[in-house]
Amino acid sequence: GLWHAGEAICASAERTRCEGAYEAVDELVTEALAADMSRRADAFATRFYGCGGRARYVEAKLAHAKDTVRRVVRKKALGVIERQVARVDRAVLKVGSDGPGAATAGAEIRSHALTNLEEAG
């Protein structure tokens, strides 16, 4: 559908080094996040990391990790929660501590996990 078409446009722009590639990737990630499709946004930011995805990489990883934590916390799946925290930490390392969204992402996912665990009892 439309997501596949958007991804194909970004891939084409990336291959041809089109000057609008960065904007296309940013828009694709933005729309996926706005539609609460964090997993898809994460996949797009990862796939197009070198062509605009870096700017949204940590944000997309964080959103995906938060959604996953929210989903598995009721099951007390501590291993999955720990992997989500590690995933965000790796994203921060990849973009660097001064990268977009990196300054607070680690603390934010930890706080989110603890809050959800407390609420679940």
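It should be noted that the structure appears before, not after, this text.
K.L.:
Tell me about a positive patch on the surface, and please be specific about residues and values.
P.N.:
A surface patch of positive charge is lined by Arg39, Arg71, Arg74 and Lys75. Position of arginine 71 among the secondary structure elements: in helix 4 (residues 54-72). Take arginine 71: its relative accessible area is 51%, and that puts it in the exposed class.

K.L.:
Give me the lowdown on the environment of glutamate 82, citing residues and values where you can.
P.N.:
Looking at where glutamate 82 falls in the secondary structure, it is placed in helix 5 (residues 78-95). We classify glutamate 82 as exposed; its relative accessible area is 56%. Along the primary structure glutamate 82 and alanine 113 are separated by 31 residues, whereas in three dimensions their C-alpha atoms are 9.0 Å apart.

K.L.:
Which residues make up the packing of aromatic side chains, and what values do they have?
P.N.:
Taken as a whole, this structure holds 2 aromatic pairs when the rule is applied. With a centroid separation of 4.9 Å and an interplanar angle of 80°, the aromatic rings of tyrosine 49 and tyrosine 57 are classed as edge-to-face. Residue classification places tyrosine 49 among the buried positions, given a relative accessible area of 18%. The exposure class assigned to tyrosine 57 is buried, which follows from its relative accessible area of 7%. The residue whose ring lies beneath lysine 94 is tyrosine 49, and the NZ or CZ to ring-centre distance is 4.3 Å.

K.L.:
So what's going on with the nonpolar core? Residues and values would help.
P.N.:
Within soluble globular proteins, side chains that are nonpolar tend to cluster in buried spots. Membership of the largest hydrophobic core comes to 31 residues, with the highest contact counts inside it found for Val29 and Ile109. Every element with two or more residues in this core is listed here: helix 1 (2-15), helix 2 (21-34), helix 3 (38-47), helix 4, helix 5 and helix 6 (102-120). When sequence neighbours within four positions are dropped, the list of residues in contact with isoleucine 109 reads Leu62, Ala65, Lys66, Val69, Val85 and Val88.

K.L.:
Outline the pattern of salt bridges, listing residues and values.
P.N.:
Enumeration over the complete set of coordinates arrives at 7 salt bridges. Between aspartate 67 and arginine 70 there is a salt bridge, with its nearest N and O atoms 2.5 Å apart. Note that aspartate 67 and arginine 70 are positioned in helix 4 at a spacing of 3 residues, about one turn of the helix. Given a relative accessible area of 25%, aspartate 67 falls into the partly exposed group. Close ionic contact of arginine 110 with aspartate 89 constitutes a salt bridge, the shortest N to O distance being 2.6 Å. With arginine 110 in helix 6 and aspartate 89 in helix 5, this residue pair connects regions lying 21 residues apart in the sequence. Residue arginine 110 is classed as partly exposed on the basis of its relative accessible area, which comes to 38%. Note on aspartate 89: relative accessible area 26%, which makes it partly exposed. Among the charged side chains, a salt-bridge network with shared partners connects Asp26, Arg56 and Glu59.

What counts as what
Numbering of residues starts from 1 in each chain and follows the order in which that chain's sequence is written. The model is predicted, so local features are restricted to residues of pLDDT at least 70 and side-chain atom pairs to those at 80 or more, both for listing and for counting; the totals for chains, interfaces and linings are taken over all residues. The side-chain quantities take in all heavy atoms of the structure and omit both hydrogens and water. Patch definition: residues above 30% relative accessible area lacking any salt bridge, with like charges linked at up to 9 Å and the nonpolar side chains Val, Leu, Ile, Met, Phe, Trp and Tyr linked at up to 5 Å. Accessible surface is estimated by sampling points in the Shrake-Rupley manner with a 1.4 Å probe; for residues, cover comes only from the protein chains shown. Basic side-chain nitrogens of Lys or Arg form a salt bridge, by our definition, when they fall within 4 Å of a carboxyl oxygen of Asp or Glu. Counted as positive: Lys and Arg. Counted as negative: Asp and Glu. His and the chain ends are not counted at all. Think of each charge as sitting on NZ of Lys, CZ of Arg, CG of Asp or CD of Glu. The helix and strand labels rest on DSSP assignments: H or I over at least four residues marks a helix, E over at least two residues marks a strand, and numbering proceeds from the N terminus. Relative accessibility decides the category of a residue: with a 1.4 Å probe and only protein chains considered, values under 20% of the type maximum give buried, values over 50% give exposed, and everything between is partly exposed. Whether two aromatic rings pair depends on their centres lying within 6.5 Å, for rings of Phe, Tyr and Trp, where Trp uses its six-membered ring; planes under 30 degrees apart make the pair stacked, over 60 edge-to-face, and the rest tilted. To sit over a ring, a charge needs its Lys NZ or Arg CZ within 6 Å of the ring centre and within 35 degrees of the ring normal. In plain words, nonpolar cores are sets of buried Ala, Val, Leu, Ile, Met, Phe, Trp, Tyr and Cys residues tied together by side-chain atoms within 4.5 Å. We call two residues contacting when some pair of their heavy atoms lies within 4.5 Å.

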